[in-house]
Amino acid sequence: MSLSPVEGVALAEIESSGDPAAPERAGVVGRSPGQLAWIRLRRDRTAMVSGAMLIFFLLLALAAPLVEMAYGIGPRQQFQHLLDGFGMPLGYAGGVTGEHWFGLEPGLGRDIFIRLIYGLRTSLFIAFAAALITATIGIVLGTLAGYLGGWLDAVINWITDLTLAMPFLVIALALTPTLVLRFYGEREQVSSAFGVGVLIGVFAIFGWTSTARLVRGQVIALREREFVEAARASGAGLGHMLFRQLLPNIWAPILVSFSLAVPQFITSEAALSFIGVGLSDETPSFGRMIYDSLDYLQTDPAYVFFPGITIFALVFAFNLFGDALRDALDPKSSR
Amino acid sequence: MARFLIKRIFSATLTLFAVSVLTFLMFFALPRDPVTGMCPKNCNPERLERVREELGLRDPLISQYAGYMKGIVTGRDLGSAQGGRCDAPCLGWSYVTNEAVSDTIGRVLPVTLSIVIPAAVLWLLLGVGLGMISALRRGTWLDRLAIGFSLTGASLQLYFVGAVLLLVFVYNLRLLPVPSYTPLFENPLKWASGLVLAWVSLAFLFSAIYARLSRAQMLETLSEDFVRTARAKGLAKPKVYGRHALRAAITPVVTIAGLDVGGALGGTVITETTFGIQGLGRTAVDAVRSGDLPTIMATVLIAAVFVVLANVLVDLLYAAIDPRVRLR
């Protein structure tokens, strides 16, 4: 699976938003473009609903230990006595009861609800960290390539092409165990922080291309504008040009691509776990749960559904919000 | 145009070269001993030594790389344990599967092609069609339905959709056989029924992006002067929308399609794993798991070739669609 949805957004952005910070007539009151965007966002019902959903998910993830305390069951606790002789949960829908809201895992008999809460925490942390790092790399490379042009542009473009040409899943699959072996012995228990770090690193290597392309396109469009020329003529240095003149003008598409990159990384983490790299069983994560659950597709479908629906709801909320954000930041966008 | 093409092909070759070097380094220079994976059972030190010798692992990396590359271009002689003479696109010998890697690839590549090509046709038709319809019927329930469909598709996971489809159509309703691959020319009906779930789930997930993109592009194009002029001079709606507007709106769709199809041809790892079909992607995953270096190398290279080729093709298509590109 490539990271192409962000790519698509990137292109749509380049094509459609010539001038994201266009001055607007707002009656007597003067409002900054940011304020205007905020007002538009407030008026958008989809944005408010999906935003509320996201905040809810974020709070759940942050407060996972509190949820555990209130719920009274830990993510590693096993309830073998609630399973039948074949390791299948007793009762209906995978053992859903008032005590175990989403039922139990077949085999080990762990509670699915609390594992999902902790999985949310892992997935969101990885996704946000990866999105931040890739956005930073993409912005730096994109502005440099777009503004300076010439051979640097050619080199950065070529590296982007090269990164895109590498099959992400296969390389990640091959790279992760080798990296783990480099730092841990054959039989040593790998710490979960290290596993998370490796995943973020792999995403950082492969995920920056779409932001870089987007930023480069935007910077090229801005490069020839008068205000940039004026700043250059007054002798502004490279740093000033990039960070004070160019970046403030393109933060809108960057923000949108960031908000759409986060769900992308959530799915990528799940996809990696699905093919068997990613995190160990010790660290609960969405992908890991779905991967484990597929063996029980026929015998315990509820086990497949709960993680699948949760991850769908999360990604759906992110996508809705990202779309609404784009509409709010870009008054010309057509919806 | 010719100059542009030559430049493009040159940079494509350079990219492929870099991919091959990087992959080679990644697997040979990293700490894990490449031999351990190639000697699956009853491994004694002597056998390990022999494998090392046969693979030329004692030679410096550069000459190993040169040998590999020479094998691809002209073929080369491998040791008798590796099947002797290895003909032109020689990708080495796998100790895990005990066959020439090119034979493995020749077997699994048609599988991936059979999954990706029909799926791509389906998702392009579905995506661009939905995008067009919702742009032309903007604001109606049809538009909202299409947007909802595309947002849902963009948020779903292939393995989840696949699992649900499998559960419903194969295990519960028993309408379809368990997904498997039958060569097209052997039995077209079996070929289709074994792969249709993979096509449908890929198409559903991928078409979402195309629907959104082509809708946005179409809306922008429809507000342009030339569309109004065409309508004003009395050209029929289908002709204006289908020929003039679509052509102008489709360029970004072509870019994304090139990237997606190129990437997918290199192996649809998740799809193949979900449906248990042995294509290029699953072969790569299996190779990584068993440490089967020559096969990993070959699958990565082939995937890269598809992506790079798709990029070149997209550039050519651009020139065909947009006359302004040709003049540059």
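Residues numbered from 1 in each chain as written. Chains lettered and ligands numbered in written order. Predicted model: local features only at pLDDT ≥ 70, side-chain atom pairs only at ≥ 80, totals over all residues.

## Focus: the overall build of chain A
For clarity, the threshold we go by: By definition, any uninterrupted DSSP run of H or I lasting at least four residues is a helix, any uninterrupted run of E lasting at least two residues is a strand, and each is numbered from the N terminus. Working definition of burial: number of other C-beta atoms within 10 Å of the residue's own, with buried at 20 or more, exposed at 12 or fewer, and partly exposed in between, all C-beta atoms being placed from the backbone. By the convention adopted here, residues make contact when the C-beta atoms placed from their backbones lie within 7 Å.
When its secondary structure is counted, chain A shows 13 helices and zero strands. Burial statistics for chain A: of 335 residues in total, 46% are counted as buried. Taking the intrachain contacts of chain A between residues at least 6 apart in sequence as the baseline, contacts between residues at least 24 apart amount to 73%.

## A look at the overall build of chain B
On a plain count of helices and strands, chain B comes out with 14 helices and four strands. In chain B, which comprises 328 residues, the proportion classed as buried is 42%. Looking at chain B alone, contacts between residues at least 24 apart form 65% of all its contacts between residues at least 6 apart.

## Some remarks on the packing of helix α13 (residues 301–329) of chain A against helix α5 (residues 141–155) of chain B
The condition is simple: Working convention: axes come from line fits to C-alpha atoms, limited for helices to the stretch in contact. Angles between N-to-C directions cover 0 to 180 degrees. When describing relative orientation, an angle under 35 degrees is termed roughly parallel and one over 145 degrees roughly antiparallel, while 65 to 115 degrees is termed roughly perpendicular and anything else oblique. Two helices crossing with the near one rotated counterclockwise from the far one by less than a right angle form a left-handed crossing, whereas a clockwise rotation gives a right-handed crossing.
At their nearest, the axes of α13(A) and α5(B) sit 8 Å apart, and the two run at 125 degrees to each other. Relative to α5(B), the element α13(A) is oriented oblique. When you trace α13(A) past α5(B), the crossing you get is right-handed. On α5(B), the residues touching Phe312(A), Val315(A), Phe316(A), Asn319(A) and Leu320(A) of α13(A) are Leu151(B), Ala154(B) and Ser155(B).

## Let's talk about the confidence of the model for chain A
Note: predicted coordinates in regions of low pLDDT should not be interpreted at a detailed level. The test is simple: Each residue carries a pLDDT score, the predictor's own confidence in it, on a scale running from 0 to 100.
With 79% of its residues at a pLDDT of at least 70, chain A reaches an overall mean of 77. Residue range residues 1–26 of chain A is modelled with pLDDT below 50. Its contacts to residues more than four positions away, or to other chains, number 69 contacts.

## Examining helix α9 (residues 209–223) of chain A
Our working rule: To estimate the expected span of a helix, subtract one from its residue number and multiply by 1.5 Å.
In this model α9(A) runs 21 Å from its N-terminal to its C-terminal C-alpha over 15 residues, within 8% of the 21 Å that 1.5 Å per residue would give. By the burial criterion, the buried members of α9(A) are Thr209(A), Ser210(A), Thr211(A), Ala212(A), Arg213(A), Leu214(A), Val215(A), Arg216(A), Gln218(A) and Val219(A).

## Quick look at the environment of Gly138(A)
Residue and element names in this part refer to chain A. Secondary-structure assignment places Gly 138 in helix α5 (residues 112–148). The sequence separation of Gly 138 and Phe 56 amounts to 82 residues, and the corresponding C-alpha distance is 29 Å. The residues contacting Gly 138, other than those within four sequence positions of it, are Trp 208, Thr 211, Ala 212 and Val 215.

## Regarding the confidence of the model for chain B
Residues and elements named next belong to chain B. Considering every residue of chain B, the mean pLDDT works out to 80; 86% of them sit at 70 or more. Element-level mean pLDDT values for chain B span from 62 in helix α14 (residues 323–327) up to 88 in helix α4 (residues 101–136). The ipTM assigned to the predicted complex is 0.78, against a pTM of 0.80.

## Details of helix α4 (residues 64–71) of chain A
For α4(A), the buried fraction is low: zero of the eight residues fall into the buried class. Phi turns positive one or two residues past the end of α4(A), at Gly72(A), with a value near 85 degrees.

## Points about the packing of α5(A) against α9(A)
All names here are of chain A. Running from N to C, α5 and α9 point in directions that differ by 35 degrees, and their axes come no closer than 7 Å. Pair α5 / α9 crosses with right-handed handedness. Between α5 and α9, the residues in contact are Thr 134, Ala 135, Gly 138, Ile 139, Leu 141, Gly 142, Thr 143, Ala 145, Gly 146 and Tyr 147 and Thr 211, Ala 212, Arg 213, Leu 214, Val 215, Arg 216, Val 219, Ile 220 and Arg 223, respectively.

## A closer look at the environment of Gly266(B)
Tracing the sequence through the fold places Gly266(B) in the loop between α10 (251–265) and α11 (269–275). Linking Gly266(B) and Gly281(B), residues 15 residues apart in sequence, is a C-alpha distance of 6.9 Å.

## Focus on the environment of Gln298(A)
Considering the arrangement of structural elements, one finds Gln298(A) in the loop between α12 (286–293) and α13. Expressed as a C-alpha distance, the spacing of Gln298(A) and Phe183(A), which sit 115 residues apart in the sequence, is 39 Å.

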